[in-house]
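As a plain string of letters, each chain reads:
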Amino acid sequence: MLNLIEPCFFATLIASKKEFTMNFRIELEQEEDGRWIAEVADIPGVLVYGTSRQEAIHKAQALALRVVAERLDLGEVTSMPLTISFLAA
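Residues numbered from 1 in each chain as written. Predicted model: local features only at pLDDT ≥ 70, side-chain atom pairs only at ≥ 80, totals over all residues. Heavy atoms only, no water.

J.: Would you explain the overall build of the protein chain in this entry?
T.: On a plain count of helices and strands, the protein chain comes out with one helix and five strands. Helices (α) and strands (β) of the protein chain occur, in sequence order from the N terminus, as β-β-β-β-α-β. The 89 residues of the protein chain split such that 28% are buried. Taking as baseline every contact in the protein chain between residues at least 6 positions apart, the subset at least 24 positions apart corresponds to 37%. (Helix = DSSP H or I, 4+ residues; strand = E, 2+ residues; numbered from the N terminus. Buried < 20%, exposed > 50% of the residue type's maximum accessible area, 1.4 Å probe, protein only. Contact = heavy atoms within 4.5 Å.)

Spelled out as structure tokens, the structure:
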């Protein structure tokens, strides 16, 4: 069982007068059957499986974006200019 923790998802929120940065870590683990698990521990519920390491990372990034978008829709996150970027290590 391989357990990797690497920074590969970064979101940056930029407001007009101040900058707020959110850095999310994707934790990766390979199961004995070969599947990969990717989890963004800072966002509850963002845990996915992939057949490859890259697929697991992409699925975790997509799910994290959906969660952030839903929080914006529900008004849980202050509406402000938003810039999101990804960095795969």
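J.: What is the right way to read the confidence of the model for the protein chain from this model?
T.: For residues with low pLDDT, the predicted coordinates do not support detailed interpretation. Summary statistics for the protein chain give a mean pLDDT of 74 and a share of 61% for residues scoring 70 or more. Across the protein chain, element-level confidence peaks in strand β4 (residues 47–50) with a mean pLDDT of 96 and bottoms out in strand β1 (residues 2–14) with 42. Across residues 1–17 the pLDDT falls below 50, and counting only partners more than four positions away or on other chains, this stretch makes 70 contacts in the model. (pLDDT = per-residue confidence, 0-100.)

J.: In this structure, what is going on with the nonpolar core? I would like to understand it.
T.: In this structure, I26, L28, A38, V40, I43, V46 and A60 are the most contacted members of the largest nonpolar core, which totals 14 residues. Listing elements by their share of this core, those giving two or more residues are β2 (19–30), β3 (36–40) and α1 (53–73). With five residues, α1 is the largest single contributor of residues to this core. (Core = buried A, V, L, I, M, F, W, Y, C linked by side-chain atoms within 4.5 Å.)

J.: When you look at the environment of W36 in this model, what are you seeing that I'm missing?
T.: Along the chain, the position of W36 falls in strand β3. Take W36: its relative accessible area is 9%, and that puts it in the buried class. Put simply, W36 and Q54 are 18 residues apart on the chain and 9.0 Å apart in space, counted from C-alpha to C-alpha.

J.: Any chance you could explain the pattern of salt bridges here in plain terms?
T.: As a working rule, side chains carrying opposite charge can pair if their charged atoms are close by. Following the criterion strictly, the structure yields two salt bridges and no others. The partner of D33 in a salt bridge is R35, and the shortest N-O contact between them spans 3.0 Å. D33 sits in the exposed class, given a relative accessible area of 53%. Judged by its relative accessible area of 34%, R35 is partly exposed. Its salt-bridge partner being E55, residue K59 comes within 3.9 Å of it at the nearest N-O pair. Of this pair, K59 and E55 both sit in helix α1, separated by four residues, roughly a single helical turn. (Salt bridge = Lys/Arg side-chain N within 4 Å of Asp/Glu carboxyl O.)

J.: Any chance you could explain the pairing of β4 here in plain terms?
T.: Remember that side chains alternate between the two faces of the sheet whenever the strand is regular. Residues V48 and G50 point to one face of β4 and are all buried, whereas L47 and Y49, pointing to the other face, are not buried. Examined bridge by bridge, β3 and β4 share four bridges and lie antiparallel to one another. In the sheet register, E39 faces β4, and the bridge partner there is L47. Counting the residues that bridge the hairpin from β3 to β4 gives six residues, and of these G45 lies at a positive phi of roughly 90°. (Pairing = 2+ DSSP bridges.)

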